[in-house]
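Read off the chains here:
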Amino acid sequence: MRVIVIMGGVLMMSACDDSTKNPPNTNDNPAYQNSTKSTKENATNEGSEGSNVKRDAGGYIVGKKIPKKEHYVNGILLANKMYPMPKNFAPGESTEARAAFNELNKKAAKANFTFDAFSTYRSFERQETLYNNYVARDGAEKADRYSARPGFSEHQTGLAFDIGEIGNAGDYADDRFGDTAAGKWLAKNAADFGFIMRYPEGKEKITGYQFESWHFRYVGQSIAQEIYKNNSTLEEYLHEKG
Ligand SMILES: [Zn+2]
């Protein structure tokens, strides 16, 4: 079940939104796969609001608009509540991240674990549909607690993988996963394959999201190892806000 944590008056919601018990979105717009990615460092000045921005009950920055460009820092794509993604940013699932995930699984097999990436890429439109359906059903206030608004889900980057253990789907997108032997193995070894636990425990104010033991982000091996070694986050590594 989802745990909503109130910290400093800011409501932390799950980033994994998609009612994560759903099957993976395997039919999410593969036509955009391998589209050319351009590196636009600091393409916008969206981050200049400072630390006293106003946030609403969903933790979103009041007045924040969907930008025309996604946000890169030193070539690393950053997607969070400060830096949402444009509607037309539709890279599909990263083939590099998938290959790294497959390598991770090879090593995991030696420890008798097999992992499933049960939710990876989600398009802006897919997120929009999901979110609007939840709002229609439960109202915006409730929907904001478990579903990202379109443009704000890191899954749109194609680099976010929700990971669980095959045979234990009951713990998919659940806090319990982090307490399992598989979850502990993953937390310890993911960086060797380029993945970081994106929303670690105790970093909620920095990332803007509650702890999620299952949501990993591909950043490449050297960066992932540095972030893991320093018990850090992507925001801290890039000196950016969440
Ligand atoms: Zn996720």
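Residues numbered from 1 in each chain as written. Predicted model: local features only at pLDDT ≥ 70, side-chain atom pairs only at ≥ 80, totals over all residues.

Thoughts on the confidence of the model for the protein chain
Scored by pLDDT, the protein chain has a mean of 84; 79% of the residues are at 70 or more. Within the model, pLDDT remains below 50 along residues 1-10, and this stretch shows 17 contacts once partners closer than five positions in the same chain are excluded. With pLDDT under 50 throughout, residues 19-49 is counted as low confidence; its partners more than four residues away or in other chains account for 49 contacts. (pLDDT = per-residue confidence, 0-100. Contact = placed C-beta atoms within 7 Å.)

Structural notes on the environment of N80
Position of N80 relative to the elements: it lies in the loop between β4 (76-78) and α1 (95-110). Take N80: there are 22 C-beta atoms within 10 Å of it, and that puts it in the buried class. Each C-alpha atom of the pair N80 and Y209 lies 9.0 Å from the other, and the pair is 129 residues apart in sequence. Aside from chain neighbours lying at most four places away, what touches N80 is T207, G208, E235 and G242. (Helix = DSSP H or I, 4+ residues; strand = E, 2+ residues; numbered from the N terminus. Buried ≥ 20, exposed ≤ 12 C-beta atoms within 10 Å, placed from the backbone.)

Concerning unusual backbone geometry
Backbone geometry places A173, a non-glycine residue, at a positive phi of 55°. Tracing the chain through its elements places A173 in the loop between β6 (160-165) and α4 (181-189). We classify A173 as buried; it has 25 C-beta atoms within 10 Å. Not every positive phi belongs to a glycine, and N231 is a case in point at roughly 50°. Relative to the helices and strands, N231 resides in the loop between α6 (221-229) and α7 (234-238). A residue is classified by how many C-beta atoms lie within 10 Å of it, and N231, with 10 of them, is exposed.

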